[in-house]
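Working through the structure, step by step
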Amino acid sequence: MKSDLVDACFFRRSPVLFVTFDNLASVGEYDPPQPWMHARLAKMGFSVLGLIARRKDWYRNADTPALLTSLRDAGLFEGFERIIFTGTSMGAYAALTYSRLLPGSQVLAFSPQTTLNREIAPFESRFKYGLRKWEWDDPAFLDAAEAAPDAGRVWLFYDPMVPEDRAHALRIAGPHVHHMKCRHFGHRLIRQVKACGVLEDLMSDIGTGTFDALAFHKKRRARRKVRPWCRALLGDLIEAGHPKLARQAIQHLLKTDPKAGYLQKAQARLEKASRAPVIAEDIIVTDGDPQPPFTGTIVRAQNAIAVPERKHDAKLASGVLLADGQYCEMSRTWIRATKSTPAPVLSPQEPIEELSGRHLFAGHFRGHFGHFLVESTARLWALQKLEGQVDGILFLPYRGAVRRARRGIKTFKRFFNQLGLSLPIQTFDTAMRVEELYVPELGFGWKEKYAGSPLYRQFMRERLGRDIASEGSEKLYISRARLSSQRGGILGEQVIEENLARQGYEIFHPEKHPLEVQIARYKAAKRIVALDGSALHFAAFFMQEKGDVCIILRRSKANVADYILQYQSFCRTTPDVVDVIVKNWVSGGARRTDFRSVGELDFAALFAQLKGLGYVDKGFKPEFASASEKGALISEFSERRGEDFVEVDVNV
C-alpha cells in the first residue's frame, strides 16, 4: 500500500505484529525498499507492518496517520494477540506518537525523541535541519510523550549519558513505562545492542512477552568486548573529569585489546590534560535559550574550598574559594532581595577537611519551606546536565547551624525523592576542600530570578511529582488558618473559608497533608485563591497552564511582583491581586509588617472584588462576622502567640 510520502508493507506470519518506522539513516537505504528490521523479524517469524518513509521528515505529514487509520478501519489489526510499535530516534518518535491510533498497543523505542518543537523540548539542539525543514507547530501528533498514557507497556532504551536523549525519555512517564538505561551506548544505541549480540534476543523476548530486564542487563555485559562501547566509555570518563578511572579502564582494556589505536589516543589525551591543571572553567548550557538574568553557567572547579559560616568570620560570610584563593562569584547566595552573603576569609591556621570525588554545590540549606524552595532548590537544575557525573550534593548550613541543617535534609527527604535524587546529600561546619566541585548559577530566587531559568523550570516540572496523578477540586482555596500562631495570617480567615466553600471551593490546609497530596491538589486546580505565602509559590510548580489565580494580600508591602513573575513564567498566567487591608497588626517589638504580622481585611470589599473578577458568582451573598466578633479575634491571636499586638500604618 502506498501514498505520496509513506509506503506500507505488510507480512502476516504470526499473531504478533511489529509496526516499524524508519530512522534518519534507514530512509532510502534499501533498494528495493523494505521495512526497517524486516529481515530480523522475519527470521523470528513475527508479522510486520513496515511504514517506509520517502523523505526524512520525521513522519510529520498527513499521509502517515491517514494510512494507519485506513488500515485500522479496514480491520488489518484485528486478530493479533500483541501489537508492538517500534523504531529508533526519528522512528521511535513516530512509533510512540502514532501508537495512540491503536490504544493499548505496546511500544519498543530505542533512543526515543518526543518532539522537535522548541517550546516543548527546549533542551533539544540537534536535528536542526529537521526542525527548520518540517512543520513542528501543528498540535496533531506533535508530542510523542502525550501518547504514552494510551499505550500498553512501553520500553525505552536510551543512554542517560546523552543529555538530550535522557531529557526526552524523562518526559515519558507512567507505571507501565520501563526505562532501560544503557550507559555509554550513545545515541546510536541500537547499533551497540546489535554489536553486543543481544538484539535478536531482545526483539524475540519483547515479541513473545517474556522480556526480563535483569536478564537483558546480564547479557549485554558482552559490551566490554565491543570497541565502540569501550571508546564511548573512555570518552565519557575523560569528559566527566575521571582521569584516574579512565587510566584504570585503559590498562584493563590493553590486556585484551593491545593493538587498539583508540586506547593510545585516549592515553595521549589524558597526558595532555594532566599537564594543564584546571583551577576553574565555565560550562555554558544553552538549552532553552536562557535570557538575562540567567546565563546557563556551571563553574567546574578543582580543589576549591567550600566554606560555611563560621564564628570568627563576618556575619553570613560563606561560599566557595577557588584553588588560587579567589572568591567564586557564582557561589554567592542571596538571603533576601537586597542582601547577599559576603565572601569568606580563611584564618591562617583554620583546619580544612578533604573531600574526594565530584560534588554539586547547592548553596545554603534553609529549613523554612518557602526559603527552601526559593534558595535551596535554585542550583539543583544542574543535575539534569550532570547526572551520572557527580557523587554527591553539598549544602552549606544556614547561619552555621549544621545540626539543624542535617535535620532539615532528613525532613525534606520526600521532596528530594520526588525529584528522583538518590545522591548522598550532606552539610558540614568546617571548610572543605573538594577534589572537583560544580557550582551552578542560581536558576531561581529573588527579584527577577523568580521567573526561573528554562532549565530550572524544566527540571522541576518534569521531575517533581511526575508520578503523582492530579486529584481534587478544580477550585481550591489555600488556607493559612491552621498554621502555628507564630506564622502570620489574617483575622477571621474562617470567614473566607466558609464563604468560598459555599461556592464550591475545596478548603485546603497544605501543612496538614503529605507532600504527595499537596502536589496532587495543585495539579488538579484550575482556579486558586490564596493569601500570599509559601504554598502559593509551591503551587506554581504544578498548576495547569493559563489557570486562574487570585492573591489576597495579608500584609502590606508583600512581594506581589515575585508571585506575578513566577506564575507568568511557570504557568503562563497573570494572577489577580486583591488588596483590602485596613489594618496591620505586629507583635514582639516589630515596627513594620513582616512574615509574622497579621492583617485585618475588609471582607465586604474582598468579596465585591472576587465577584468582579469572576471567582465567585455575581449573585452570591457572603456572610460576615459581627463587629464584636471581629474585635475579639486580635485578642485571640495575642493569647495564642503570648505577645501583645499593636497596629502599624498600612503603608509601612
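Use the structure listed above.
**A few points about the pattern of salt bridges**
- All chains considered together, the criterion is met by 28 salt bridges.
- Across the pair Glu329 and Arg332 runs a salt bridge whose closest N-O atoms are separated by 2.6 Å.
- Its relative accessible area of 47% is what places Glu329 among the partly exposed residues.
- Among the salt bridges present, the one from Arg502 reaches Glu623, with a minimum N-O distance of 3.9 Å. You can see Arg502 sitting in helix α17 (residues 493-502) and its partner Glu623 sitting in the loop between α21 (603-613) and α22 (627-641), a full 121 residues away along the chain.
- The exposure class assigned to Arg502 is partly exposed, which follows from its relative accessible area of 44%.
- Assessed through its relative accessible area of 55%, Glu623 is described here as exposed.
- Counted as one network, the salt bridges with shared partners bring together Glu119, Glu545 and Arg572.

**Some details on the packing of aromatic side chains**
- Evaluation of the coordinates by the stated rule reveals 42 aromatic pairs.
- Between the aromatic rings of Phe603 and Phe624, the centroid separation amounts to 6.4 Å while the plane-to-plane angle is 20 degrees, which identifies the pairing as stacked. Remark: Phe624 occurs in the loop between α21 and α22 and Phe603 occurs in helix α21; sequence separation between them is 21 residues.
- The buried category is assigned to Phe603, whose relative accessible area is 7%.

**Some words on the packing of α17 against α21**
- One can describe the packing of α17 onto α21 by two numbers: an axis separation of 11 Å at closest approach and a directional angle of 35 degrees. Handedness of the α17/α21 crossing: right-handed. Residue-level inspection shows Val495, Ile496, Asn499 and Leu500 of α17 in contact with α21, the latter providing Phe603, Leu606, Phe607 and Leu610.
- Among the residues making up the contact of α17 with α21, the classes are represented as seven nonpolar, one polar and no charged.

Basis of the calculations
Residues numbered from 1 in each chain as written. Predicted model: local features only at pLDDT ≥ 70, side-chain atom pairs only at ≥ 80, totals over all residues. Heavy atoms only, no water. Salt bridge = Lys/Arg side-chain N within 4 Å of Asp/Glu carboxyl O. Buried < 20%, exposed > 50% of the residue type's maximum accessible area, 1.4 Å probe, protein only. Helix = DSSP H or I, 4+ residues; strand = E, 2+ residues; numbered from the N terminus. Phe/Tyr/Trp six-rings, centres within 6.5 Å; stacked < 30°, edge-to-face > 60°. Axes fitted to C-alpha atoms, helices over the stretch in contact; angles between N-to-C directions. Left-handed = near helix turned anticlockwise from the far one by under 90°. Contact = heavy atoms within 4.5 Å. Nonpolar A, V, L, I, M, F, W, Y, C, P; charged D, E, K, R; others polar.

So far we have only geometry, and geometry alone does not tell us how the molecule works.
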